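Observations on chain architecture
Here is what each chain is made of, one letter per residue.
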Amino acid sequence: MPSFTNQASLSYPGGSLRSNIVTGNLVDVLAIAKTAVGSGYTAGEKLSYIVTLVNSGTVAMTGLTLTDDLAAYTLDAQTLTPLSYVPDSLLYYQNGVAQSAPTVTAGPPLTVTGLSVPAGGSVTVVYQAQVNALAPLAAGSTLTNTATVTGGTLSAPLTASATVTAGTVPALSIAKAMSPETVTGSSELTYTFILQNTGNTEVSDPALVLTDTFDPILSDLAVTYNGTPWTVNVNYSYNASTGLFATLAGQLTIPAAQYVQDPATGVWTTTPGVSVLKITGTV
């Protein structure tokens, strides 16, 4: 809250004197609040933000500018911006009534000019920003972006921030390969399953189960998981009559991805967590 001081002086024949110093506080009638819709984020996600300005005064506040730093942070003296404004996503309301969009510059920083808050009223600005390659994704990472309002008759900038945390979620994929592609009767056939996780959380839930029905049916299975031999009815089940293969509950674990940031560009690279299941049998 800005403060000010004032002192008077009195001059008279033969001298002068000063009064005591009085101190006051200058209170702005405009208040700002910012909210992120949702508390978590993932790679490429579009996040929604709401900025509200409330004018408790009897005179409209005009000529205001809103800026958003889009969660900018510093890495080795360079400024990185992990959020990108989504074009044409901004909505502008006065006292809850939709208005024509003000002038928007994507930036960074995002800049919105020409805002006016009615006397005794409010303005709401809603917009989206997309998580880009400069955003950290490891568990516990956060993005904090700050909105600042300046201009008009404000005595000092007004700021409000919102923080979102990287969501602790897995992102799984599976790929299957066969070798050789052409087989004859009584020869060996190998299926390789590559299980990948680009999320920041390891997956080892008992519900994580892989099933496959082999056609043609395989016999004399040899199964390895990440290079370690598996045992039937301990790690997996197999019906030699139907060709139905299934891993048993709790046997599969897919590690979390690893994230490395390029110190020169600030871009994060994702290395998926990988587990490999290999099944060889006789056709």
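Residues numbered from 1 in each chain as written. Predicted model: local features only at pLDDT ≥ 70, side-chain atom pairs only at ≥ 80, totals over all residues. Heavy atoms only, no water.

So, the overall build of the protein
Looking only at helices and strands, the protein has 0 helices and 28 strands in total. The C-alpha radius of gyration computed for the protein amounts to 31 Å, which surpasses the reference 19 Å derived for 283 residues by more than 25%, pointing to a less compact arrangement than a globule. By principal-axis analysis of the C-alpha atoms, the protein measures approximately 120 × 45 × 30 Å. Taking all 283 residues of the protein together, 35% fall into the buried category. Of all intrachain contacts in the protein linking residues separated by at least 6 positions in sequence, the fraction that spans at least 24 positions is 67%. Carbon and sulfur atoms provide 54% of the accessible area of the protein, an area that totals close to 14800 Å². (Helix = DSSP H or I, 4+ residues; strand = E, 2+ residues; numbered from the N terminus. Rg over C-alpha atoms; globule rule 2.2 N^0.38 Å. Buried < 20%, exposed > 50% of the residue type's maximum accessible area, 1.4 Å probe, protein only. Contact = heavy atoms within 4.5 Å. Areas by Shrake-Rupley, 256 points an atom, 1.4 Å probe, with all protein chains shown as cover.)

A look at the side chain of threonine 81
By the element assignment, threonine 81 lies in the loop between β10 (78-80) and β11 (83-85). For threonine 81, a relative accessible area of 13% translates into the label buried.

Brief notes about the sheet that holds strand β28 (residues 273-282)
Picture the strands of a sheet paired through backbone hydrogen bonds; they go either parallel or antiparallel. Across the sheet, 5 strands lie side by side as β19-β20-β28-β22-β23; this open sheet has antiparallel pairing. Edge positions in the sheet fall to β19 (172-179) and β23 (228-229), since each has one partner strand and no second. Bridge count between strand β22 (residues 219-225) and β23: 2 bridges; the pairing is antiparallel. Note on β23: the bridge partner recorded for tyrosine 225 is threonine 228. (Pairing = 2+ DSSP bridges.)

Looking at unusual backbone geometry
Omega for the peptide link from glycine 107 to proline 108 comes to 15°, which places this bond in the cis form. Along the chain, proline 108 turns up in the loop between β14 (103-105) and β15 (110-117). Residues serine 179 and proline 180 are joined by a peptide bond in cis, for which omega reads -10°. Locating proline 180 in the fold gives a position in the loop between β19 and β20 (188-197).

Let's talk about the environment of valine 54
With respect to the helices and strands, the residue valine 54 is situated in strand β7 (residues 46-55). When residues no more than four places from it in sequence are discounted, the contact partners of valine 54 are Val29, Leu30, Ala31, Gly121 and Ser122.

Considering the sheet that holds strand β8 (residues 61-68)
Read from one edge of the open sheet, 6 strands run β6-β18-β17-β8-β15-β14, paired in mixed fashion. On the outer flanks of this sheet lie β6 (40-41) and β14, each paired with one strand and no other. Inspection of the sheet shows β8 paired to strand β17 (residues 142-151) by 5 bridges, in the antiparallel sense. Its bridge partner being in β17, threonine 65 is matched across the sheet by threonine 150.

Side note on the pattern of salt bridges
Charged atoms that come close allow side chains of opposite charge to pair. Following the criterion strictly, the structure yields 2 salt bridges and no others. A salt bridge links aspartate 68 to lysine 34; the shortest N-O distance between them is 2.6 Å. Separated by 34 residues along the polypeptide, aspartate 68 in strand β8 and lysine 34 in strand β5 (residues 30-37) bring together distant segments of the chain. A relative accessible area of 1% means that aspartate 68 is categorised as buried. For aspartate 212, the salt bridge is made with lysine 176, and the minimal N-O distance between the two is 2.5 Å. Here aspartate 212 is found in strand β21 (residues 211-213), whereas its partner lysine 176 is found in strand β19, with 36 residues between them in sequence. The class of aspartate 212 is buried, set by a relative accessible area of 15%. (Salt bridge = Lys/Arg side-chain N within 4 Å of Asp/Glu carboxyl O.)

Details of the nonpolar core
If you look at soluble globular proteins, the nonpolar side chains tend to sit buried side by side. In terms of nonpolar packing, the biggest core is built from 39 residues, with Leu30, Tyr41, Tyr49, Leu53, Leu64, Leu83 and Val149 touching the most fellow members. Elements with a contribution of two residues or more to this core: β5, β7, β8, β11, β15, β16 (122-131), β17 and β18 (158-166). Aside from chain neighbours lying at most four places away, what touches leucine 64 is Leu30, Leu53, Val112, Thr113, Gly114, Leu115, Val117, Val149, Thr150, Gly151, Gly152 and Leu154. In this structure, Tyr191, Leu221, Val223 and Tyr238 belong to the second largest nonpolar core, which totals 20 residues. (Core = buried A, V, L, I, M, F, W, Y, C linked by side-chain atoms within 4.5 Å.)

In short, shape yes, function no, at least from these values alone.
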